[in-house]
Protein chains: 2
Amino acid sequence: MDHPKAVLFDAYGTLFDVYSVGLLAEQLFPGHGQALSVLWRDKQIEYTRLVTTSNDGAHYRPFWELTRAGLRYACKRLGLDLTAEREQQLMNQYRHLSAFPENREVLQALKARRITTGILSNGDPEMLGIAVRSAGLDGLLDHVISVDSVRKYKTHPEAYRLGTQAVGRDARHILFVSCNAWDALAATWYGYRTLWVNRYQLPFEELDTQPTRTGSTLRDVLAFFES
Amino acid sequence: MDHPKAVLFDAYGTLFDVYSVGLLAEQLFPGHGQALSVLWRDKQIEYTRLVTTSNDGAHYRPFWELTRAGLRYACKRLGLDLTAEREQQLMNQYRHLSAFPENREVLQALKARRITTGILSNGDPEMLGIAVRSAGLDGLLDHVISVDSVRKYKTHPEAYRLGTQAVGRDARHILFVSCNAWDALAATWYGYRTLWVNRYQLPFEELDTQPTRTGSTLRDVLAFFES
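The shown structure was predicted, so the numbers you read here are calculated from the model rather than taken from an experiment.

Asker: Can you explain unusual backbone geometry? Please cite residues and give values.
Answerer: All names here are of chain A. Thr155 follows Lys154 through a cis peptide bond whose omega is 25°. One can find Thr155 in the loop between strand E3 (143–146) and helix H7 (157–167). A positive phi is found at Asp208, a non-glycine position, where the angle reads about 60°. Along the polypeptide, Asp208 turns up in the loop between strand E5 (193–197) and strand E6 (213–215).

Structure follows, in structure tokens:
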């Protein structure tokens, strides 16, 4: 098969480490940092699904607000006292998540090969803009696409369609990269070529569909251009 | 406000105890029974959302199959050796989940008041039929409604619409009862009057919508007919 013409990356969990809030969470709530960062993330994603499925997007709210709602739920669930100040600190940390270290070199290698690059993310435009600039990736991305314009989160097909529209290519010519198994699964269903970067040695979803390839770091993107 | 004209119950988690598989799970995988039953349930629900959101139901599979897929994922994730025999045992247990003890008296009290009763469930018709008969509830339910006919799981509005269609009343005249916070939330969004039965002292979802009322057992349904 010919090489992909473009590479689109998921952002949260793929380029940016959503669990990097765990350190601050541990400082604020000793002994609960990891549990909080996991439940926060799970709830944030659950909320994207609830608002997308229900009533044709009538309950859509930007990712930033769902992130805050997920934090509030997670703290209540774990019995942690989320003061206004702590909420502000944690949300501010979420705005400046750590980028995974190999991001830049992979994007640079793609640009050196004149491959179109982009982000296709649940994040709203403001969050994405700050995260991309903080990580110094802004010169390396041709497209920074937020689902906010269609008010439906991945895994809704209208969200994935934004990627093909921006690139101007059929999905089979685009490589979609995600560390989130559900995202790699649904992008495969949509028709993208997919790389699931399995950072945490997890099983893939058990729904009889496999990503095109599975890797362990973003560097595995480059193998799509070598054969 | 006048009394509801009908009461629709969620099934799994509300009438039937999805965590009652934990005992067998603990026998099969000592020390992991609770973790397995929780992750199994979470994954089952996640899969209903993934197949409902993606590609307009093209990836729909009946609840029984998603239940099996969730079990397989959960065992892989927890590093448990799910032999074919163990899978069969656990799935058979799921087919015969324990019913919560107050179910019958609440349904009997509703029928004594000539209130229309029913189930509106993600379960497929065969699963529901067996569960209802096993629990001896079949004479007490006017409707046993499965989302299978629309191939979309709750929280999709087409799933909730099956309830209003079956009863022949507007949602505001129907009380929808669920122990699952996400289900009570989305039913409220749809327009039902709702009772969230909070069996496990959990926080409600943080999405700025509250159920009509919150209770702690199914008996709290009856308070809707007393004032």
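Asker: Can you break down the sheet that holds strand E2 (residues 116–121) of chain B residue by residue, with the values?
Answerer: All names here are of chain B. Strand order across the open sheet formed by six strands is E3-E2-E1-E4-E5-E6, with parallel pairing between neighbours. At either margin of the open sheet sits one strand with a lone partner, and together these are strand E3 (143–146) and strand E6 (213–215). Strand-to-strand twist of the sheet, defined as the mean angle between neighbouring strand axes without regard to direction, takes the value 25°. Note that strand E1 (residues 6–9) and E2 share four bridges and pair parallel. Bridge pairing links Phe9 to Ile119 in E2.

Asker: Lay out the interface of chain B and chain A with the relevant residues and their values.
Answerer: On the chain A side, the residues contacting the 34 residues of chain B number 33 residues. Buried area between chain B and chain A, both sides added, is near 3,100 Å², and the carbon and sulfur share of it is 59%. At the surface where chain B touches chain A, the tally comes to eight salt bridges. A salt bridge links Lys43 of chain B to Glu205 of chain A; the shortest N-O distance between them is 3.0 Å. Here chain B is connected to chain A by 18 residue pairs in polar contact (both at pLDDT 80 or more). Breaking the side of chain B that touches chain A down by element, the ones donating at least two residues are helix H2 (33–53), helix H3 (63–78) and helix H8 (181–190) of chain B. It is H2 of chain B that contributes the most residues to the side of chain B that touches chain A, eight residues altogether.

Asker: Describe the pattern of salt bridges, listing the residues and the values that go with them.
Answerer: Within this structure, the stated rule accounts for 36 salt bridges over all chains. Linking Arg61 of chain B and Asp208 of chain A is a salt bridge whose minimum nitrogen-to-oxygen distance equals 3.2 Å. Taken together, the positions of Arg61 of chain B in the loop between H2 and H3 and Asp208 of chain A in the loop between E5 and E6 put the pair across two chains. With relative accessibility at 69%, the residue Asp208 of chain A sits in the exposed group. What emerges from the salt-bridge pattern is a single network uniting Lys43 and Glu46 of chain A together with Arg49 and Glu205 of chain B.

Asker: Requested: an account of the relation of the copies chain B and chain A, with residues and values cited.
Answerer: Each copy superposes on the other: chain B lies on chain A with an RMSD of 0.0 Å after a rotation of 180° and an axial shift of 0.0 Å. Taken together, the rotation angle and the small translation identify this as a two-fold axis. Comparing interface residues between copies, 97% of those in chain B also lie at the interface in chain A; the contact surface is shared.

Cut-offs and rules
- Residues numbered from 1 in each chain as written.
- Chains lettered and ligands numbered in written order.
- Predicted model: local features only at pLDDT ≥ 70, side-chain atom pairs only at ≥ 80, totals over all residues.
- Heavy atoms only, no water.
- Helix = DSSP H or I, 4+ residues; strand = E, 2+ residues; numbered from the N terminus.
- Pairing = 2+ DSSP bridges.
- Axes fitted to C-alpha atoms, helices over the stretch in contact; angles between N-to-C directions.
- Contact = heavy atoms within 4.5 Å.
- Buried area = accessible area lost by both parts, 1.4 Å probe.
- Salt bridge = Lys/Arg side-chain N within 4 Å of Asp/Glu carboxyl O.
- Polar contact = N/O pair within 3.5 Å; in protein donor to acceptor, adjacent residues only side chain to side chain.
- Buried < 20%, exposed > 50% of the residue type's maximum accessible area, 1.4 Å probe, protein only.
- Least-squares fit on C-alpha atoms with pLDDT ≥ 70 in both.

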